[in-house]
Amino acid sequence: MKIYYEKDVDMDVLKDKTVAVIGYGSQGMAQSRNMSESGLDVIVGLRKGGDSWETAIEHDMPVMTVEEASKEADIIHILIPDEIQGQVYKKSIQPGIKQGNAISFSHGYNIHFQYIKPPKNVDIIMIAPKGPGSTVRKQYLDGFGVPGLVAVEQDYTGNALQVALAMGQGSGLTRAGVLETTFKEETETDLFGEQAVLCGGATELIKAGFQTLVEGGYQPELAYFETCHELKLIVDLIYQKGFAGMWNDVSNTAEFGGLTRRDRIITEKSRNEMKQILKEIQTGKFAKEWALENQAGRPQLNRMRDIENELEIEKQGKKLRKLCGLEK
């Protein structure tokens, strides 16, 4: 495992280079501002007239259309959503690419699954913060940074790794440490984590726990507190102290109950399904499914969003988050 810090970075590789950040969402906003304030020459490429255009101007960022920024830049850092990257690349970015440019990402999805196929005479790199854009920005302003990942898919110039690391230092990532990986590894582990644990697995576990208590005759408000609200407290303990530290901080009753019952929730069948989910990611089945969903106008996703919004736990959550001062 190779981890890079500020001492390992040669910032001179970006001397007289222009970085175009394509997109100004959570990550685009954070990374472009951090790099600019670190002294890098940064421009932002956006759709003219969109909401982000005015926001970027308000932040004193130089703004151009995607086409203009791609022609102007030496490094093109693509931070728009995965599902539109391929289309935007072909239409607006590819025509402006020059020999020796670097095409950069914070997620390997479109390179790994070949929805974007840059030419052979450019660098293909990734510098990926392991945290949301708001945290990337806050940590930078606080004088620190979130950890990150770095990967090189194609090293045409011989400087690809140092270019990526210099961008990472500009965003504050090398203050915490940047772990070397590959586009394949980052993409597949990221998708698996989202689907099986962080987003899919966690929400289904919360929902099942809530429904079990409500169906057992308990107050839905109390069920929400026990299965959702307090989860953050436990996750924070694990984040700060690991499993052992969390077990040490909860009661002996909670520790014994959790350790003796948890494998009845995550069973061998659950583990086999995790392996199947990983296989679907590795073979590209999920990527094809997601591409078809977008081509069809996202009917399945929109239907599931509607169902999710109508869940009883969502209604209780909105009420109780206001009570706790977490939501207006």
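A few points on the structure. Since this is a predicted model, take the numbers as computed values, not measurements. (Residues numbered from 1 in each chain as written. Predicted model: local features only at pLDDT ≥ 70, side-chain atom pairs only at ≥ 80, totals over all residues. Heavy atoms only, no water.)

Details of the overall build of the protein
Then step 1. Assigned secondary structure in the protein consists of 16 helices and nine strands.
Then step 2. Here the C-alpha atoms of the protein give a radius of gyration of 22 Å, agreeing with the 20 Å that 2.2 N^0.38 yields for 328 residues.
Then step 3. Taken along its principal axes, the extent of the C-alpha atoms in the protein is 65 × 45 × 40 Å.
Then step 4. The buried share among the 328 residues of the protein stands at 39%.
Then step 5. Look at the contacts in the protein between residues 6 or more apart in sequence, and 66% of them connect residues 24 or more apart.
Then step 6. As presented, the protein carries roughly 18,600 Å² of accessible surface, and 52% of it is formed by carbon and sulfur atoms.
Then step 7. In the protein, which carries 39 positive and 47 negative side-chain charges, the distance between the mean positions of the two groups comes to 3 Å. (Helix = DSSP H or I, 4+ residues; strand = E, 2+ residues; numbered from the N terminus. Rg over C-alpha atoms; globule rule 2.2 N^0.38 Å. Buried < 20%, exposed > 50% of the residue type's maximum accessible area, 1.4 Å probe, protein only. Contact = heavy atoms within 4.5 Å. Areas by Shrake-Rupley, 256 points an atom, 1.4 Å probe, with all protein chains shown as cover. Lys, Arg positive; Asp, Glu negative; His and termini not counted. Charge placed at Lys NZ, Arg CZ, Asp CG, Glu CD.)

Remarks on the nonpolar core
Then step 1. If you look at the biggest cluster of nonpolar residues, it comprises 33 residues, and the most contacted ones within it are L14 and M167.
Then step 2. Here this core gets six residues from one element, more than from any other, and that element is helix α7 (residues 160–170).
Then step 3. With near-sequence residues (within four places) excluded, M167 lies in contact with L14, V19, M35, I75, H77, S104, I125 and I127.
Then step 4. Counting residues in hydrophobic clusters, the runner-up holds 24 residues, among them I43, I111, I124 and M126. (Core = buried A, V, L, I, M, F, W, Y, C linked by side-chain atoms within 4.5 Å.)

Concerning the sheet that holds strand β4 (residues 63–65)
Then step 1. Ordered by their spatial adjacency, nine strands build an open sheet running β1-β9-β8-β7-β6-β5-β2-β3-β4, and the pairing between neighbours is mixed. Unpaired on one side and paired on the other, β1 (3–4) and β4 mark the two borders of the sheet.
Then step 2. Pairing of strand β6 (residues 102–105) with strand β7 (residues 123–129), which is carried by four bridges, proceeds in the parallel orientation. Of the residues in β7, the one forming a bridge with A102 is D123. (Pairing = 2+ DSSP bridges.)

Notes on the packing of helix α10 (residues 220–229) against helix α11 (residues 231–249)
Then step 1. At a minimum axis distance of 6 Å, the contact between α10 and α11 shows a crossing angle of 20 degrees. Classified by the interaxial angle, the pair formed by α10 and α11 is roughly parallel. The residues of α11 that touch α10, namely those facing T227, C228 and H229, are L231, K232 and L233.
Then step 2. A per-class count over the contact of α10 with α11 returns three nonpolar, two polar and one charged. (Axes fitted to C-alpha atoms, helices over the stretch in contact; angles between N-to-C directions. Parallel < 35°, antiparallel > 145°, perpendicular 65-115°, else oblique. Nonpolar A, V, L, I, M, F, W, Y, C, P; charged D, E, K, R; others polar.)

Notes on the packing of helix α8 (residues 183–198) against helix α9 (residues 200–215)
Working note: a packed helix pair is described by the angle between its axes plus the distance between those axes.
Then step 1. Where α8 meets α9, the axes come as close as 3 Å, and the angle between the chain directions of the two elements is 5 degrees. Looking at the two axes, α8 sits roughly parallel to α9. Contact residues: E194, Q195, A196, V197 and L198 in α8; G200, G201 and A202 in α9.
Then step 2. Broken down by class, the residue content of the contact of α8 with α9 amounts to four nonpolar, three polar and one charged.

What about the side chain of T187?
Then step 1. The residue T187 is located in helix α8 in this model.
Then step 2. Of the polar contacts made by the side chain of T187, one reaches the backbone oxygen of G108; its length is 3.4 Å.
Then step 3. The contact partners of T187, leaving out residues within four places of it in the chain, are H107, G108, Y109, H112 and F113. (Polar contact = N/O pair within 3.5 Å; in protein donor to acceptor, adjacent residues only side chain to side chain.)

Quick look at the pairing of strand β8 (residues 148–154)
Then step 1. Of all seven residues in β8, five are buried, a share of seventy percent or more.
Then step 2. As judged from the six bridges shared by β7 and β8, these two strands associate in the antiparallel manner. If you follow I125 over to β8, its bridge partner there is V152.
Then step 3. Handedness of the crossover joining β8 and strand β9 (residues 178–180) through α7: right-handed. (Right-handed = clockwise from strand over helix to strand, strands pointing away.)

Some thoughts on a nonpolar patch on the surface
Then step 1. Together, L205, I265 and I266 give the surface a local cluster of nonpolar side chains, amounting to about 280 Å² of exposed area.
Then step 2. Relative to the elements of secondary structure, L205 occurs in helix α9.
Then step 3. A residue is classified by how much of its surface remains accessible, and L205, at 51% relative accessible area, is exposed. (Patch = residues over 30% accessible without salt bridge, like charges linked within 9 Å, V, L, I, M, F, W, Y side chains within 5 Å. Salt bridge = Lys/Arg side-chain N within 4 Å of Asp/Glu carboxyl O.)

Overview of the pairing of strand β5 (residues 75–78)
Then step 1. Residues of β5 alternate between two faces, with I75 and H77 on one and I76 and I78 on the opposite face, all of them buried.
Then step 2. As paired strands, strand β2 (residues 18–22) and β5 are joined by four bridges and run parallel to one another. Note on β5: the bridge partner recorded for I22 is I78.
Then step 3. Across four bridges, β5 lies against β6 in parallel orientation. Counted as the bridge partner of I75 is A102 from β6.
Then step 4. Handedness of the crossover joining β5 and β6 through helix α4 (residues 82–93) is recorded here as right-handed.

Side note on the pattern of salt bridges
Then step 1. Taken as a whole, this structure holds nine salt bridges when the rule is applied.
Then step 2. Between K232 and D236 there is a salt bridge, and its shortest N-O distance comes to 2.6 Å. Remark: D236 and K232 occur in helix α11; sequence separation between them is four residues, near one turn of the helix.
Then step 3. Between K241 and D249 there is a salt bridge, with its nearest N and O atoms 2.6 Å apart.
Then step 4. Overall, K241 belongs to the partly exposed group, its relative accessible area being 46%.

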